Amino acid sequence: MSKKIDILGNQNIPAQGALIVPGRLNLSEALYIEQLLLGRKVTWLCEENVVLDAATRNVLEKPDTTAVSFSANDTAPAAIGETLKEHLKNNGVIIFIPGDVSAHDGECCHIPAPVLKQLCALGLPTLPVSVTRPEETALATEKTNKLANSVLSFAKLIPAKNISVALWREGLLAAEEIAFSAREFLNGSLPVALLAGLKKHGSSTKLFDGTDDSATSFDKLLGAAIAFSAEIRKQTKKKRVGILLPPGKGGMVANLAVLFAGKIPVNINFTSSHSAVQSSIRQADVDKFITADPFVRKIPAFPWPPNRDLIFIERTLPAIKKKIIRWVILSKILPTSIIAKILGIGAEKGDAEAILLFTSGSSGEPKGVPLSHRNVLANICQFGSRLQLKYDAKILGCLPLFHSFGCTVTLWYPCIEGVNLVTYPSPLETKRLAELIEMHSVNMLLSTPTFLRGYMRRVKPEQLKSIDYVVTGAEKLPKTLAEAFHDKFGILPLEGYGLTETSPATNLNLPEREPTGDAPVIRSNQIGSVGKFLPGIAVKITNPATEKPAPIDTQGTIWLRGANIFPGYLNNNKKTKEVIIDGWFNTGDIGRLDDDGFLYIEGRLSRFSKIGGEMVPHETVEAIISKVLGLDAETERKIAVVGVPDEKKGEAIALLTTICGDTREQECIDLRYKLMDEGLPSLWCPKIFIPTDEIPMLASGKLDIKGCQRLAGQ
């Protein structure tokens, strides 16, 4: 029995004639759309060089079928559009068939950009349709036999006078978001999904801890976490539990145990200032903290709570060894549903709070970001489905667990999807990390541009030969660094994008797919961009000055909607209402999309200066300064641009730098002339040089904006 096809948004199918342009389409889906249009004349439209499977070609060649073609190279598309209007008379419908391409699973648009441009240039009323196949983006714990074969989600009709590539793509992403957000697994429970994943992959998947070179199977981690969860329930009645541990066995067991105890883990940023730490603890309302003696000794300057409030994991686990062994055995025998019932987990699910993170505080006091079960499960699915790692793959987990990417991708993702994890407490010790990569044949490295520079300085190329993916985030990846890394290691770093509030990943560049026969390849990588959107994320752009909607291919404020978007800040309705409006989240970043769907981040709104009424992007200025000064991609950050008050213009550009000489005034003048020679407007050039011993950075690898502003203020 064949699976069903689900339909969403069929009320958007217009009664009048229109061109239907799905992002992708196979024969069964095409015929299903034809059934929805029963009684209306259907004309099939193809690009003349399209690659079609034999079954589709046979249908289009039937005598009673009307099929026409066009060329993506035609110089008069409007004239073709006039001819096609004949087929729209009497409410006729034209359905475009994209044809076969080579693309990653979960790719929503299988139409090459030149073909898409030509379709929009026809000047016809156009209806975008998202076609998603849930099996391609299923969690390992989902029952795929219950998933629909396809979901057809119809966007709103775009009038002929407005049709453009930008509007079509915006409509397609909006329709895909609706389809993804309707998925049943999003109403589930994170701890139950973790339990199911750990059971499913327990004996075949391991955590390799780089601190002691131990290897622990996931079934043993599961047994330890379940046994430890009972101890946590005894220790505190609060709904949240603090965790002060780096990546490793202890960090994973602690986080799992808190969830299995029916509580919410709060990984505290132990690299933050004392005031930021105390603010996080106060906001989270925690009274117990899981940590370890060696870790306490390692960072004695941290404002540690009293010993009575600390739960030392390395003392507790040996004392419950018999319970751990019992649970290792029971977890193999008992089904997930029974274990969940014994633990009392599963009632809290869907939109309920699952974990609590805090923003880095790079531009102010840390804000509490509660992520729901729905948020985390969505992002694991979105991120994991695009990577498509092999069953025996290994990823390196060295980003802090309080970092949203480190949390989702190196805690929850491996447990649910069954990916081997190699851990180490610090992303800074690149020499040791390279040893671990070589020793365990790690396939994926998660890093930031700041940490990549350490690999450039200290690591031999042969040590990274097993790496298939290098994924970077947190800050912009300089093109010079990406190229230098590729030249040395033969691996091109893939830049992604995300925020704590988006669970975190929203965009990712991927390695290009290999061609399949004569079918065109849909691009999946563009240097300078942060990649295409992950499945199920809608986007819109607004003008930062007027806040009015703008085309998504023009520079403006980025707004996102999707199942991975957080519900709002912890106990801060005022701030929540500022960033979430009608279900859309204001990222605070400025960017645009190109015709292929790649997102370009052109600065954070907090990293713009308004000078004489003009918005000046700090990151753009930094990139040109780096080029002019010939700063080596292998070295640490040596400059940072900040805005400072200016009586005449409102703000002025100041340059924090570690490379100033004694003749700063002359250096500033010389630099301004060089920058203007590069085409930088005079208004954008630094007016002030501020020498510093080092540029303030956060432990996550991000620029410490607040620290930079503090230096500039001094």
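Residues numbered from 1 in each chain as written. Predicted model: local features only at pLDDT ≥ 70, side-chain atom pairs only at ≥ 80, totals over all residues. Heavy atoms only, no water.

K.L.:
How do you make sense of the pairing of strand β5 (residues 93-96) when you look at a structure like this?
P.N.:
When a strand is regular, its side chains alternate between the sheet's two faces. On β5, burial covers both faces: Val93 and Ile95 on one face and Ile94 and Phe96 on the other are all buried. As defined by bridge partners, strand β2 (residues 18-22) adjoins β5 across three bridges and the pair is classed as parallel. Each residue of the ladder has a partner; that of Leu19, found in β5, is Ile94. For strand β3 (residues 42-47) and β5, the ladder comprises four bridges, and the chain directions are parallel. When the bridges of β5 are listed, Trp44 appears paired with Ile95. (Buried < 20%, exposed > 50% of the residue type's maximum accessible area, 1.4 Å probe, protein only. Helix = DSSP H or I, 4+ residues; strand = E, 2+ residues; numbered from the N terminus. Pairing = 2+ DSSP bridges.)

K.L.:
Hey, could you run me through the sheet that holds strand β32 (residues 650-657) in this one?
P.N.:
By definition, the strands of a sheet pair up through backbone hydrogen bonds, in either a parallel or an antiparallel sense. Pairing is mixed across the open sheet formed by three strands, whose spatial order is β31-β32-β33. The open sheet has two free edges, formed respectively by β31 (639-646) and β33 (688-691), since each of these has just one partner strand. For this sheet, the mean angle separating the axes of adjacent strands, direction not counted, is 35°. Pairing between β31 and β32: eight bridges, direction antiparallel. Within β32, the position partnered with Pro645 by the bridge is Glu651. Along the sheet, helix α20 (residues 618-629) makes contact with β31 and β32, crossing β31 at roughly 130°. (Axes fitted to C-alpha atoms, helices over the stretch in contact; angles between N-to-C directions. Contact = heavy atoms within 4.5 Å.)

K.L.:
I tried to follow the sheet that holds strand β8 (residues 206-209) on my own but got confused; where do I start?
P.N.:
With mixed pairing, nine strands are arranged side by side in an open sheet as β9-β8-β17-β16-β18-β19-β20-β21-β22. With partners counted over all chains shown, the strands left at the sheet margins are β9 (214-217) and β22 (532-533), one partner each.

K.L.:
Would you mind going over unusual backbone geometry with me for this structure?
P.N.:
With the exception of glycine, most residues fall at negative phi, and the peptide bonds are largely trans. That bond from Ser503 to Pro504 is cis: its omega, 5°, falls within 30 degrees of zero. By the element assignment, Pro504 lies in the loop between β20 (494-498) and β21 (505-508). Of note in this structure, Asn90 is not a glycine but carries a positive phi near 55°. Examined against the element boundaries, Asn90 turns out to sit in the loop between α3 (77-84) and β5.

K.L.:
Help me understand the packing of helix α7 (residues 218-235) against helix α12 (residues 321-333), please; the structure alone is not making it clear to me.
P.N.:
Think of two packed helices as two axes; the pair is described by the angle between the axes and how far apart they sit. Viewed as axis vectors pointing N to C, α7 and α12 meet at an angle of 120°, and their least axial separation amounts to 8 Å. It follows from the interaxial angle that α7 and α12 lie oblique. Regarding α7 and α12, the two cross each other, and that crossing is right-handed. Listed contacts from α12 to Asp219, Lys220, Leu222, Gly223, Ala224, Ile226, Ala227, Glu231 and Lys234 of α7 are Lys323, Ile324, Trp327, Val328, Ser331 and Lys332. (Parallel < 35°, antiparallel > 145°, perpendicular 65-115°, else oblique. Left-handed = near helix turned anticlockwise from the far one by under 90°.)

K.L.:
Help me out: how do you make sense of helix α17 (residues 449-458) in this one?
P.N.:
Most of α17 sits out of view: seven of its ten residues are buried. Listing the buried residues of α17 in full gives Pro449, Phe451, Leu452, Arg453, Gly454, Tyr455 and Met456. Contact partners of the buried residues in α17: β16 (394-397), α16 (430-440), β18 (444-447), β19 (469-472) and α18 (479-489).

K.L.:
Help me understand the nonpolar core in this model?
P.N.:
Taken as a class, soluble globular proteins show a tendency for nonpolar side chains to be buried jointly. Residues Leu119, Trp168, Leu190, Phe260, Ile290, Trp412 and Met444 are the most contacted members of the largest nonpolar core, which totals 126 residues. When residues of this core are assigned to their parent elements, the largest contribution, nine residues, is made by α7. Residues in contact with Met444, not counting those within four places in the same chain, are Phe383, Leu387, Leu389, Lys394, Ile395, Leu396, Val409, Ile467, Tyr469 and Val471. (Core = buried A, V, L, I, M, F, W, Y, C linked by side-chain atoms within 4.5 Å.)

K.L.:
Looking at this structure, how should I read the pairing of β16?
P.N.:
A two-sided burial pattern is seen for β16, the buried positions comprising Lys394 and Leu396 on one face and Ile395 and Gly397 on the other. Bridge count between β16 and strand β17 (residues 420-423): four bridges; the pairing is parallel. For Lys394, the partnering residue across the bridge sits in β17 and is Asn420. Assessed by its sense of winding, the connection that carries the chain from β16 through helix α15 (residues 404-417) to β17 is right-handed. Alignment of β16 against β18, held across two bridges, turns out to be parallel. (Right-handed = clockwise from strand over helix to strand, strands pointing away.)

K.L.:
Can you walk me through the pattern of salt bridges in this structure?
P.N.:
Between side chains of opposite charge, a pair can form as their charged atoms come close. Scanning the model with the defined rule gives 24 salt bridges in all. Note that Glu177 and Arg561 form a salt bridge whose closest N and O atoms lie 2.9 Å from each other. Placement of the pair is Glu177 in helix α5 (residues 165-181) and Arg561 in strand β25 (residues 556-562), with a sequence separation of 384 residues. Arg561 sits in the partly exposed class, given a relative accessible area of 21%. (Salt bridge = Lys/Arg side-chain N within 4 Å of Asp/Glu carboxyl O.)

K.L.:
Would you take a moment to explain the packing of aromatic side chains for this structure?
P.N.:
To describe a pair of aromatic rings, one takes the distance between the centres and the angle between the planes. If you walk through the whole model with that rule in mind, you get eleven aromatic pairs. Measuring from centroid to centroid gives 4.8 Å for Phe270 and Phe295, while their planes differ by 80°, and the two rings are edge-to-face. Taken together, the residues Phe270 in the loop between β11 (264-267) and α9 (274-284) and Phe295 in helix α10 (residues 293-298) connect sequence positions 25 residues apart. Taking relative accessible area as the criterion, Phe270 reaches 18% and is therefore assigned buried. Plain terms: the ring middles of Phe485 and Phe489 are 4.6 Å apart, the flat faces sit at 45° to each other, and that makes the pair tilted. With Phe485 and Phe489 both in helix α18 and four residues apart, the pair spans about one turn of that helix. (Phe/Tyr/Trp six-rings, centres within 6.5 Å; stacked < 30°, edge-to-face > 60°.)

K.L.:
I keep staring at a nonpolar patch on the surface and nothing clicks. Help me out?
P.N.:
A surface patch of nonpolar side chains, amounting to about 310 Å² of accessible area, comprises Ile325, Ile329 and Ile333. When you line up the elements, Ile325 lands in helix α12. (Patch = residues over 30% accessible without salt bridge, like charges linked within 9 Å, V, L, I, M, F, W, Y side chains within 5 Å. Areas by Shrake-Rupley, 256 points an atom, 1.4 Å probe, with all protein chains shown as cover.)

K.L.:
I would appreciate a short explanation of the environment of Ala113 in the present structure.
P.N.:
Mapped onto the fold, Ala113 is located in helix α4 (residues 113-121). Relative accessible area serves as the criterion here: at 12%, Ala113 is assigned to the buried category. Along the primary structure Ala113 and Ile522 are separated by 409 residues, whereas in three dimensions their C-alpha atoms are 8.7 Å apart. Sequence-distant contacts of Ala113, that is, excluding residues within four places in its chain, are made with Asp595 and Asp596.

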